Amino acid sequence: MISNRAIATIFAGLVVCSLAVTPVAAAHPPEPSLVIDVDETGDAQVTLTTTYDLDSEEEADAFESVQNDEEIQTEMLDQFAVDLQSVADAASERTERPMVVTGEDVTTERQEDVGVLRVTVQWTNLAAIEGDRLVVTEPFASGYETDRSLSIAAPDGF
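What you see is a predicted model, and the numbers here were worked out from it, not measured in a lab.

The rules behind these values
Residue positions are given per chain, counted from 1 along the sequence in the order it is written. A pLDDT threshold of at least 70 governs which residues receive local features in this predicted model, and a stricter bar of 80 or more applies before side-chain atom pairs are shown or counted, although totals over entire chains, interfaces and linings include all residues. By convention in this description, side-chain values take in all heavy atoms of the structure and omit both hydrogens and water. Pairing of aromatic rings covers Phe, Tyr and the six-membered ring of Trp, with a centre-to-centre limit of 6.5 Å; geometry is then stacked below 30 degrees between planes, edge-to-face above 60, and tilted otherwise. In this description a helix means any DSSP run of H or I spanning at least four residues, a strand means any run of E spanning at least two, and both kinds are numbered starting from the N terminus. Burial here depends on accessible area, computed with a 1.4 Å probe over protein chains only, as a share of the maximum for the residue type. Under 20% is buried, over 50% is exposed, and the range in between is partly exposed. Here the expected span of a helix is defined as 1.5 Å times the quantity of residues minus one. By the criterion applied in these results, polar contacts are pairs of N or O atoms within 3.5 Å in which, for protein atoms, one can donate a hydrogen and the other can accept it, and in which residues neighboring in sequence qualify only through two side-chain atoms. One bridge is not enough; two strands pair if DSSP finds at least two bridges between them. Each reported salt bridge corresponds to a side-chain nitrogen of Lys or Arg within 4 Å of a carboxyl oxygen of Asp or Glu.

Caption draft 1: The arrangement of the packing of aromatic side chains in detail. Counting across every chain of the model gives one aromatic pair. Ring geometry for Tyr 52 against Phe 63: centres 5.4 Å apart, planes inclined by 50 degrees, an arrangement best described as tilted. Linking Tyr 52 in strand 2 (residues 44-53) with Phe 63 in helix 2 (residues 57-67), this pair joins segments that are 11 residues apart in sequence. The exposure class of Phe 63 is buried, given its relative accessible area of 0%.

Caption draft 2: Examining helix 3 (residues 70-95) more closely. In a regular helix each residue adds 1.5 Å, so 26 residues correspond to 38 Å; helix 3 covers 36 Å between its end C-alpha atoms and thus fits that length. Inspection of helix 3 places Ile 72, Gln 73, Met 76, Leu 77, Phe 80, Ala 81, Leu 84, Gln 85, Val 87, Ala 88, Ala 91 and Ser 92 among the buried residues, and these make up the whole buried set. Here helix 3 starts with a cap whose side-chain oxygen sits 2.9 Å from the backbone nitrogen of Glu 71, and that cap is Asp 69. Looking one or two places after helix 3, you find Glu 96, whose phi comes out positive at around 55 degrees.

Caption draft 3: Geometry of the pairing of strand 2. Counting buried residues along strand 2, eight of its 10 residues qualify, which places the element largely inside the surrounding structure. As paired strands, strand 1 (residues 33-38) and strand 2 are joined by six bridges and run antiparallel to one another. If you follow Val 38 over to strand 2, its bridge partner there is Ala 44. The antiparallel hairpin formed by strand 1 and strand 2 contains five residues in its connecting segment, where Gly 42 sits at a positive phi of about 95 degrees. Bridge count between strand 2 and strand 4 (residues 114-124): 10 bridges; the pairing is antiparallel.

Caption draft 4: Examining the pairing of strand 1 more closely. Counting buried positions along strand 1 gives five out of six residues, so the element sits mostly inside the fold. In the sheet, strand 1 pairs with strand 7 (residues 149-153) via five bridges, with the strands oriented parallel. The residue bridging Ile 36 from the neighbouring strand is Ile 152, located in strand 7.

Caption draft 5: Representation of the pattern of salt bridges within the structure. The full count for this structure, using the stated rule, is five salt bridges. Of the charged contacts in the structure, one is a salt bridge between Glu 138 and Arg 94, with a shortest N-O distance of 3.0 Å. Here the residue Glu 138 occupies a position in the loop between strand 6 (133-135) and strand 7, and Arg 94 occupies one in helix 3, the gap between them amounting to 44 residues. The exposure class assigned to Glu 138 is buried, which follows from its relative accessible area of 8%. When its relative accessible area of 44% is taken as the criterion, Arg 94 is described as partly exposed.

Dropping the structure here:
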């Protein structure tokens, strides 16, 4: 069974702290992040990356629990989708654009002395299409913030 600390660590990305918009870049090892890849239809793939210091026994144990248990991974994916769906519901009301969040994938890997967990969901209708522009206002215009770096990437041509 996964510890409450591990679950709290995974979902800390939903805690309101600060917002930093940065370009998408591959860092080795990666840092905790929330990456939003918007496609040309306005749908987005949203990936929450959480890292574990494998030199810490507690964090290494938590990472191994997640890495070796598909049920825990499924629970995390489902919870992340539910949490973002509540954000999407509020954004839908403000934009009058129906938004739906569905679970997609969980991956784990080891990079050097860091365990990396990525939880990915699909967010339908996140961006509005205005001519040759994709516009993402909600949920950010209403104050949604994250405690990790945030990157929003648009497809080529937008």
